[in-house]
Amino acid sequence: MDQGPVITGKGIPRIDGPLKVKGQAKYAAEYEVPDLLHAVIVPASMAKGRVTSIDTTAAKSFSGVVAVLTHQNRPWFWPFSFLYKDPVGPPGKPFRPLYNDRVHFSGQPVALVVAENYEAARDAAASVRVSYDREQHATDLASEVSNAYRPPRHRLGVARTPQPTGDADRAFSEAPVKVEATYKTAPENHHPMELFATTVEWGDETVTIYDKTQSPKSVEIFLKVALRLFRRKVRVVSSFVGGAFGLGLRPQQSVFLAVLAAKALKRSVRLVIPRDQMFALGYRANSIQTVSLGADENGHLLAIRHRAIAATSQYEDAQDPMLNFSASLYRCNNIKLSYELAKLDTVSPCDMRAPGAATGMFALECAMDELAYAVNVDPLVLRLANYTERDQSENRPFSSKALRECYAQGAERFGWAKRSHAPRSMRKGKELIGWGMATGVWEAAMSPVPARAKVSLLADGRFEVTTSITDIGTGTYTILTQIAADALGAPLERVVVKLGDSAFPFNPTQGGSWTAATSGSAVQAGCEKLKKKIISRAKQAGIIGNGQAAELLSPAALADLLKLSGRDNLSATATIIKVPFGKKYTSATHSAVFAEVRIDEELSVVRVTRLLCAVAAGRILNPATARSQIIGASVMGIGKALYEDAAIDHNLGRCMAHSFADYHIPSNADVYDIEVLFVEETDDKVSPIGVKGLGEIGSVAVAPAIANAIFHATGQRMRDLPITIDRLAHSRG
Ligand code: MOS
């Protein structure tokens, strides 16, 4: 006991790794439940209007079909949209599947076919005939710009655009050097490996819902209210989540519909969203952004203006922190930001790894690169010339900020000093070579909602940790086991962490890069509390004197203790509340990303041959899982930069892609060398365990670093993402 961290900080392999490679980790659609029905969604084939009739005759004639639910025959549910709000949802009216005849977006569920087997449900769903009364839809952000509006405030304050400072308009107009450009980012779809899915086990007393979600507690509360499940015990289980990235922050329509069907039929039901329907589940909002940078001849910033218009749906004001970091990343006295939304007839956009920042920082960091060339200064030197030790937008210091070290160590490792500044100055054979860089930043926060964890001493001398948070592939099981082992002075083998169950003590949504700091602190506090309890019980029982605590934690001593106290376990539950910073500090995670691209000059094929990510994220609990977070996020960054575009056919108002054949995410062949380094950063203010969080920072700076590298290679400034082969070839003329 009190040996200091010996396990935390080590790159131990994932605790859940063996279960996953052996196929023993169960995902939502894999639970075997007796007498299971299968449900398949019939999606709307147009974007806006009303359903006038639904012909289900053919569907019902399929053998095995049990029911076809539509807005006309579905069971009663609340008509008040506010009852469908979830903890992280934006202002507006949440979408309620099968609520009425109204169609808000293409792909919206208009019927649900339920059958004894999946094949019957799928085939019957294809035979449902829906007639519509169509209205003129709008799905093109560019043509809705004139209708842009300032969004109402999100109650979590997630996209609170910082107030202007100084006089950015005047400073820009008077600046000796000006850079002004418009950047566009494409909508991106969520495609975690695991499809969104729910298995509902319907029982007379208990409804157990195996769901893919980032927050079993939110889903439990949502279902209890929205579908009035108060008479039964509702338990939501998400022991393993095969990637989520933000799409699982809010209860998805899959869980609503599966439970609706189960309730209607009093049977167990499974619903899996097939890959093609994943395209209608939510997306990273596309954006049109204009950045204006005014500077002196040496590149010192005199003015920053950043205006963004992002897509939202007709029914919600989806928003994310697209501009927040433009006010705080660099030293500048005149800053003006404007964040607006434009309504489209699409599903609501949703959070997606580094929501907002990955999009807004693309524009800002490309503009910084443009400024570097306008003043003929190395892009890294330009960042250092504008470095700030304070958060100017809030006029306060950072709780820690090792970005300077990220720049220095990243540049050193990458070999940035060998770069020749001029575009088109590096090549090998028929490939142009480009080196580009960008800065990343993301908020380091604890969850705004308190988190609880329970730690129990079991009869066999092991410790069990339970908390309702999920592990979405981030390594939560592993880091929590490490934290508990250290806090209890026990080896890893004696700690069992159980997660992803709404029956466990309340722990909010996994997301926001806050889980390690929040749940980690809760687990640590729970362990401390249990340790105290054990010691005081042991003293009472007279089995130890003072100063003998270390021996006490041997399994034999603990077994004695339990026997003496006549119990088969001893437990403690701790609650952790966000560090009450007040307004004293800003906390952020930083990164510097350096990219090398090689571009076939004739074919315009871009290869990202090297990525170097230098990250400052406070204390690193596990360098192996931490590195995985950054690598995975970097791969998503490559997708954002070069491939991913959930393009809509504006004629039909629907996403053109239906599979990975037409929505390309980076494959192994697209990913070369990604190197991650964590710089030392000590922060005793950000969270009780000194952790800042790593889930999102890896996604922020990759796309701009690649775009800047493409400019360096080709001399072509590509301002629209993704930078596809055709766009690059076309821009060359
Ligand atoms: Mo994250 S976009 O909070 O899963």
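As a reminder, the structure under discussion sits directly above these lines.
Residues numbered from 1 in each chain as written. Predicted model: local features only at pLDDT ≥ 70, side-chain atom pairs only at ≥ 80, totals over all residues. Heavy atoms only, no water.

Caption draft 1: Quick look at the overall build of the protein chain. Looking only at helices and strands, the protein chain has 18 helices and 29 strands in total. With the C-alpha coordinates of the protein chain rotated into their principal frame, the extents come out at 80 × 75 × 50 Å. By residue count, 62% of the 733 residues in the protein chain fall in the buried class. Here the contacts in the protein chain between residues at least 6 apart in sequence split such that 82% fall between residues at least 24 apart. Surface exposure of the protein chain reaches about 27600 Å², of which carbon and sulfur atoms provide 51%. Computing the positive centroid from 85 side-chain charges and the negative centroid from 74, the protein chain places the two 5 Å apart. (Helix = DSSP H or I, 4+ residues; strand = E, 2+ residues; numbered from the N terminus. Buried < 20%, exposed > 50% of the residue type's maximum accessible area, 1.4 Å probe, protein only. Contact = heavy atoms within 4.5 Å. Areas by Shrake-Rupley, 256 points an atom, 1.4 Å probe, with all protein chains shown as cover. Lys, Arg positive; Asp, Glu negative; His and termini not counted. Charge placed at Lys NZ, Arg CZ, Asp CG, Glu CD.)

Caption draft 2: Main features of a nonpolar patch on the surface. Among the surface-exposed residues, Leu603, Val605 and Ile725 lie close enough to one another that they form a single nonpolar patch of about 250 Å² accessible area. Relative to the elements of secondary structure, isoleucine 725 occurs in helix 18 (residues 725–732). A relative accessible area of 44% places isoleucine 725 in the partly exposed class. (Patch = residues over 30% accessible without salt bridge, like charges linked within 9 Å, V, L, I, M, F, W, Y side chains within 5 Å. Salt bridge = Lys/Arg side-chain N within 4 Å of Asp/Glu carboxyl O.)

Caption draft 3: Quick look at the nonpolar core. In this structure, Leu642, Ile706 and Ile710 are the most contacted members of the largest nonpolar core, which totals 113 residues. Ranked by the residues each element gives to this core, the list is headed by helix 8 (residues 357–374), at 11 residues. (Core = buried A, V, L, I, M, F, W, Y, C linked by side-chain atoms within 4.5 Å.)

Caption draft 4: Just the pairing of strand 9 (residues 197–202), in detail. Where burial is concerned, most of strand 9 is hidden: 5 out of the 6 residues are buried. Inspection of the sheet shows strand 9 paired to strand 12 (residues 268–272) by 4 bridges, in the antiparallel sense. The residue of strand 12 that forms the bridge with alanine 197 is valine 272. As paired elements, strand 9 and strand 10 (residues 206–211) share 5 bridges and run antiparallel to each other. Its bridge partner lying in strand 10, threonine 198 is registered against aspartate 211. Between strand 9 and the antiparallel strand that follows it, strand 10, lie 3 residues. (Pairing = 2+ DSSP bridges.)

Caption draft 5: Geometry of the sheet that holds strand 22 (residues 463–466). One open sheet holds the 4 strands; their spatial order is 23-22-21-24, and the pairing between them is mixed. Of all the strands in the sheet, just strand 23 (495–498) and strand 24 (569–576) have a single pairing partner and so form its edges. Taking the axes of each pair of neighbouring strands and ignoring which way they run, one obtains an average angle of 20 degrees across the sheet. Of the pairings in the sheet, the one linking strand 22 to strand 23 comprises 4 bridges and is parallel in character. Directly across from glutamate 464, in strand 23, lies its bridge partner valine 496. (Axes fitted to C-alpha atoms, helices over the stretch in contact; angles between N-to-C directions.)

Caption draft 6: Main features of the sheet that holds strand 14 (residues 287–295). The strand order across the open sheet formed by 4 strands is 7-14-15-16, and the pairing between neighbours is mixed. Looking at the sheet topology across the chains shown, the edges are occupied by strand 7 (177–185) and strand 16 (335–344). Direction aside, neighbouring strands of the sheet carry axes that sit 10 degrees apart on average.

Caption draft 7: Layout of the side chain of serine 634. Locating serine 634 in the fold gives a position in helix 15 (residues 623–642). Residue serine 634 is classed as buried on the basis of its relative accessible area, which comes to 0%. Polar contacts involving the side chain of serine 634 include one to the main-chain carbonyl oxygen of isoleucine 630, which spans 2.7 Å. The residues touching serine 634, leaving out its near neighbours within four places in the chain, are Leu611, Cys613, Ile674, Gly698 and Val702. (Polar contact = N/O pair within 3.5 Å; in protein donor to acceptor, adjacent residues only side chain to side chain.)

Caption draft 8: Structural context of unusual backbone geometry. Between leucine 721 and proline 722 the backbone carries a cis peptide bond, its omega angle lying at -5 degrees. The phi dihedral of phenylalanine 245 is positive, around 65 degrees, even though this residue is not glycine. Of note, phenylalanine 245 is situated in the loop between strand 11 (233–237) and helix 6 (253–265).

Caption draft 9: Quick look at the pairing of strand 2 (residues 49–55). Taken together, the 2 bridges between strand 2 and strand 4 (residues 102–103) define a ladder with antiparallel strand orientation. Bridge pairing links glycine 49 to valine 103 in strand 4. Alignment of strand 2 against strand 6 (residues 129–134), held across 6 bridges, turns out to be antiparallel. When the sheet's bridge partners are listed, isoleucine 54 is paired in strand 6 with valine 130.

Caption draft 10: Representation of helix 10 (residues 403–414) in the model. With 12 residues, helix 10 should reach 16 Å at 1.5 Å per residue; the first-to-last C-alpha distance of 16 Å fits that figure. For helix 10, the set of buried residues is Leu403, Cys406, Tyr407, Gly410, Ala411 and Phe414. Each buried residue of helix 10 lies within a common arc of 110 degrees when the element is viewed along its axis, so the set occupies one face. Away from its buried face by more than 90 degrees, helix 10 exposes Glu412 and Arg413. Those residues of helix 10 that are buried are in contact with helix 9 (379–385), strand 20 (431–443), strand 25 (588–600) and strand 26 (606–616). Glycine 415 sits one or two positions beyond helix 10 and adopts a positive phi of about 85 degrees. (Expected span 1.5 Å × (residues − 1). Arc of directions from axis to C-beta.)

Caption draft 11: Here's a closer look at the packing of aromatic side chains. In total, this model carries 23 aromatic pairs according to the counting rule given. For the pair phenylalanine 279 and tyrosine 663, a centre-to-centre distance of 5.7 Å together with 75 degrees between the ring planes defines the contact as edge-to-face. Of this pair, phenylalanine 279 sits in the loop between helix 7 (275–278) and strand 13 (283–284) while tyrosine 663 is found in the loop between strand 28 (654–655) and strand 29 (673–678), placing the two residues 384 residues apart along the sequence. The buried category is assigned to tyrosine 663, whose relative accessible area is 1%. Within the aromatic cluster, the residues linked to one another by ring pairs are Phe77, Tyr84, Tyr99, Phe222 and Phe256. Above the plane of the ring of tyrosine 387 lies arginine 404, whose end atom (NZ or CZ) is 4.1 Å from the centre. Directly above the aromatic system of phenylalanine 711 lies the positively charged group of arginine 717, at a separation of 3.8 Å from the ring centroid. (Phe/Tyr/Trp six-rings, centres within 6.5 Å; stacked < 30°, edge-to-face > 60°. Lys NZ or Arg CZ within 6 Å of the ring centre and 35° of its normal.)

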